[in-house]
Amino acid sequence: MARRVAVIGAGSSGLTCIKCCLEEGLEPVCFESSDDIGGLWRFKEIPEPERSSTYRSLVTNTSKEMMCFSDLPMPAHFPNFMHNSQLLQYLQLYAAHFNLLQHIHFQTTVLTVKQRPDFACSGQWEVLTEDRDGLKKIHIFDAVLVCTGHYTKPVMPLKDFPGFETFKGEYCHSSEYKDPEPYKGKKVMVVGIGNSGGDIAVELSRVAKKTFLSTRQGAWVLSRISLKGRPIDMIGVTRLLGLVTLLLPRRLVNWACERELNQKYDHRLYGLMPKNRFLDQRPLVNDDLPGCILLGGLVIKPNIQEFQGSNVVFEDETVEEQIDTVIFCTGYTHNFPFLSTSLFTGPSFNLTLYKHVLPPMLEHPTLAIIGLIEAWGPIMPVVEMQARWATRVISGVIRLPPKEIISSWITKYYLQLEYIPYMDELANELGVRPNILRLLLTDPRLGFSVLFGPCTPYQFRLRGPGKWAGARNAILTVWDRVSKPMMTRVVPEPRPSRLPKLLVLSTLLVAAIYAGKRHSKLLESPMAALNNWRMYVPAAVLRVLKI
């Protein structure tokens, strides 16, 4: 009899967990509180409590070839950086392709997840759910995969701003922001310079009377566009570059990256210069922020010192008056109200996880938290790898190390992680990490693409469990799919220019004429030519030659 696994949430993490359960011979039962799949990527006009929410114009910060699941490339005609509605389309395609919808119970909320009385022996869980009609039911599961993400509980640090109670204008969290129309003609203060803060500030600056962006630390700003107009993550997230970054001194890497960014626009001049070095904090991905600052529609300000009614005083003692609205882009914290508080044993009551997946204090590894990470790279391939690893742990294929090793691992790692090393770590345990040396010897073209090209998710389907026959072709044709949505106009091939040939011929002709004149002078007066030559030769050499 197959082991039953509860999957909580049907966003991108939940969908790939269902698929991985099926691949391991497990029986997944997914509970989704809303009426459809998609999670964060389903735009809704009215945000719902305890659910991820996004704004209408949201576009992905990672390109389609880097953020897709490893055995289903995104449609070639999709843009490289997609609108949220297009990513939702991809998730719908993924669910249909692998027949996942039949395993999902929609409009069913998970109320509690508790260990059974015999957990020490069985490792089983009691899951209490409530459907749309209010009917509650207890289910017994052999394992639970939590896929609700960490964008569900907004952080509103109002107590950090003295005098905020005197502010009479409107305020909200970025989770409540949908579009700029309600802020037309107003003076708006955006607090926080994460990716959401940057997007919202830029969008507001085009319709608001004035937009201010307050930041405590500043940020390094990256464009989505890199060399020759290619997606920046496909240039920056490669195995070779990761190896070079690892071998070179960290200070040198920081200097090189910061110098490159400041060549585009001086971060100090634009008021963006952060307190931290480039590798010490996540960069802000935004194509338009510098331009909005240059045009004056957006003004960068330091951290807020206090509110004085509708006036805002900053730490540099400057004051902005008559602020109409404040939007707090101050992030989220993870929220798992259905889990026991005994699992939250980390500093500041946080959840500590082995491999960023498993709570270490459980007697049986039958509870996994999927997607509670922030990676320097795409998130969806990471959660897929976590799901592949967790389901093989649940099925008993992968055995965990002793508690001492687990504890030592946890002390070294945090919520933020390096993309390629973490993927390789899990892939190594799964047996799916690409053997680059072997590929270079047996399939040089593929090996060079894996080593020098973008580290796409397809690399982890070349071998081992879950091997996909289409992985090699997906890797070798990746740039074709990048080009496809942009090749919308036939551009004639440029005619070969004759200018280089003419320059070469002209140079040869001038050289020949000059050489001919020098040769004729030598024949007419050999001694004069010799005297001209002597002035360029050191005296010591002339003495040796006795000239």
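Description of the structure in this document. Worth saying up front: this structure is predicted, and the values here are computed from it rather than measured.

**Considering the packing of aromatic side chains**
All told, the structure shown has 22 aromatic pairs when counted by the stated rule. Where phenylalanine 164 meets phenylalanine 307, the ring centres are 5.0 Å apart and the plane angle is 85°; that geometry is what we call edge-to-face. Of this pair, phenylalanine 164 sits in the loop between strand 8 (153–154) and strand 9 (170–173) while phenylalanine 307 sits in strand 15 (residues 304–308); the two residues are 143 residues apart in sequence, bridging distant segments of the chain. Given the relative accessible area of 8%, phenylalanine 164 is considered buried. Against the face of phenylalanine 81 rests arginine 224, its NZ or CZ located 5.9 Å from the ring centre. If you follow arginine 230 out to its NZ or CZ, it ends over the ring of tryptophan 479, 4.7 Å from the centre.

**Observations concerning the nonpolar core**
Of all hydrophobic cores here, the largest spans 103 residues; its most connected members are Tyr90, Leu145, Leu272, Leu289, Ile327 and Trp389. Ranked by the residues each element gives to this core, the list is headed by helix 10 (residues 380–394), at nine residues. With residues near it in sequence (within four places) discarded, leucine 145 still touches Val5, Ala6, Val7, Ile8, Cys17, Cys21, Ala368, Ala390, Thr391 and Ile394. Residues Phe31, Val113, Val127 and Phe338 belong to the second largest nonpolar core, which totals 23 residues.

**A few points about the pairing of strand 2 (residues 27–32)**
Along strand 2, five of the six residues are buried, which leaves the element largely enclosed by surrounding structure. Sheet topology note: the strand 1 (residues 4–8)/strand 2 ladder contains five bridges and is parallel. Within strand 2, the residue paired with valine 7 across the bridge is cysteine 30. The parallel pair strand 1 and strand 2, bridged by helix 1 (residues 12–23), forms a crossover whose chirality is right-handed. Across three bridges, strand 2 lies against strand 3 (residues 104–106) in parallel orientation.

**A short note on the sheet that holds strand 18 (residues 325–328)**
Judged by pairing direction, the sheet is parallel, and its five strands sit side by side in the order 9-18-10-11-14 without closing on themselves. The open sheet is flanked by strand 9 and strand 14 (298–301), the only strands paired with a single partner. Pairs of neighbouring strands in the sheet enclose a mean axial angle of 20°, with direction left out of account. Relative to the sheet, helix 5 (residues 195–205) contacts strand 10 (187–191), strand 11 (210–214), strand 14 and strand 18, its axis offset from that of strand 11 by approximately 165°.

**Things to note about the pattern of salt bridges**
One pass over the structure, following the stated rule, counts 22 salt bridges. Ionic pairing is found between arginine 481 and glutamate 65, a salt bridge with its closest N-O pair at 2.9 Å. Taken together, the residues span a long stretch of sequence, with arginine 481 in helix 16 (residues 478–483) and glutamate 65 in helix 2 (residues 64–67) at a distance of 416 residues. Neither arginine 481 nor glutamate 65 differs from the other in exposure class; each is buried. Among the salt bridges present, the one from glutamate 320 reaches lysine 301, with a minimum N-O distance of 3.5 Å.

**Focus: helix 10**
For helix 10, spanning 15 residues, the distance from its first C-alpha to its last is 21 Å, which sits close to the expected 21 Å at 1.5 Å a residue. A large share of helix 10 lies buried, amounting to 15 of its 15 residues. Just beyond helix 10, the residue with positive phi is glycine 396, at close to 90°.

**Examining the packing of helix 1 against helix 3 (residues 84–97)**
At a minimum axis separation of 11 Å, helix 1 and helix 3 run at an interaxial angle of 15°. Relative to helix 3, helix 1 is oriented roughly parallel. The handedness of the crossing between helix 1 and helix 3 is left-handed. Across from Ser12, Leu15, Thr16 and Lys19 in helix 1, the residues of helix 3 making contact are Leu91, Tyr94 and Ala95. Taken together, the residues of the contact of helix 1 with helix 3 break down into four nonpolar, two polar and one charged.

Criteria and cut-off values
- Residues numbered from 1 in each chain as written.
- Predicted model: local features only at pLDDT ≥ 70, side-chain atom pairs only at ≥ 80, totals over all residues.
- Heavy atoms only, no water.
- Phe/Tyr/Trp six-rings, centres within 6.5 Å; stacked < 30°, edge-to-face > 60°.
- Helix = DSSP H or I, 4+ residues; strand = E, 2+ residues; numbered from the N terminus.
- Buried < 20%, exposed > 50% of the residue type's maximum accessible area, 1.4 Å probe, protein only.
- Lys NZ or Arg CZ within 6 Å of the ring centre and 35° of its normal.
- Core = buried A, V, L, I, M, F, W, Y, C linked by side-chain atoms within 4.5 Å.
- Contact = heavy atoms within 4.5 Å.
- Pairing = 2+ DSSP bridges.
- Right-handed = clockwise from strand over helix to strand, strands pointing away.
- Axes fitted to C-alpha atoms, helices over the stretch in contact; angles between N-to-C directions.
- Salt bridge = Lys/Arg side-chain N within 4 Å of Asp/Glu carboxyl O.
- Expected span 1.5 Å × (residues − 1).
- Parallel < 35°, antiparallel > 145°, perpendicular 65-115°, else oblique.
- Left-handed = near helix turned anticlockwise from the far one by under 90°.
- Nonpolar A, V, L, I, M, F, W, Y, C, P; charged D, E, K, R; others polar.

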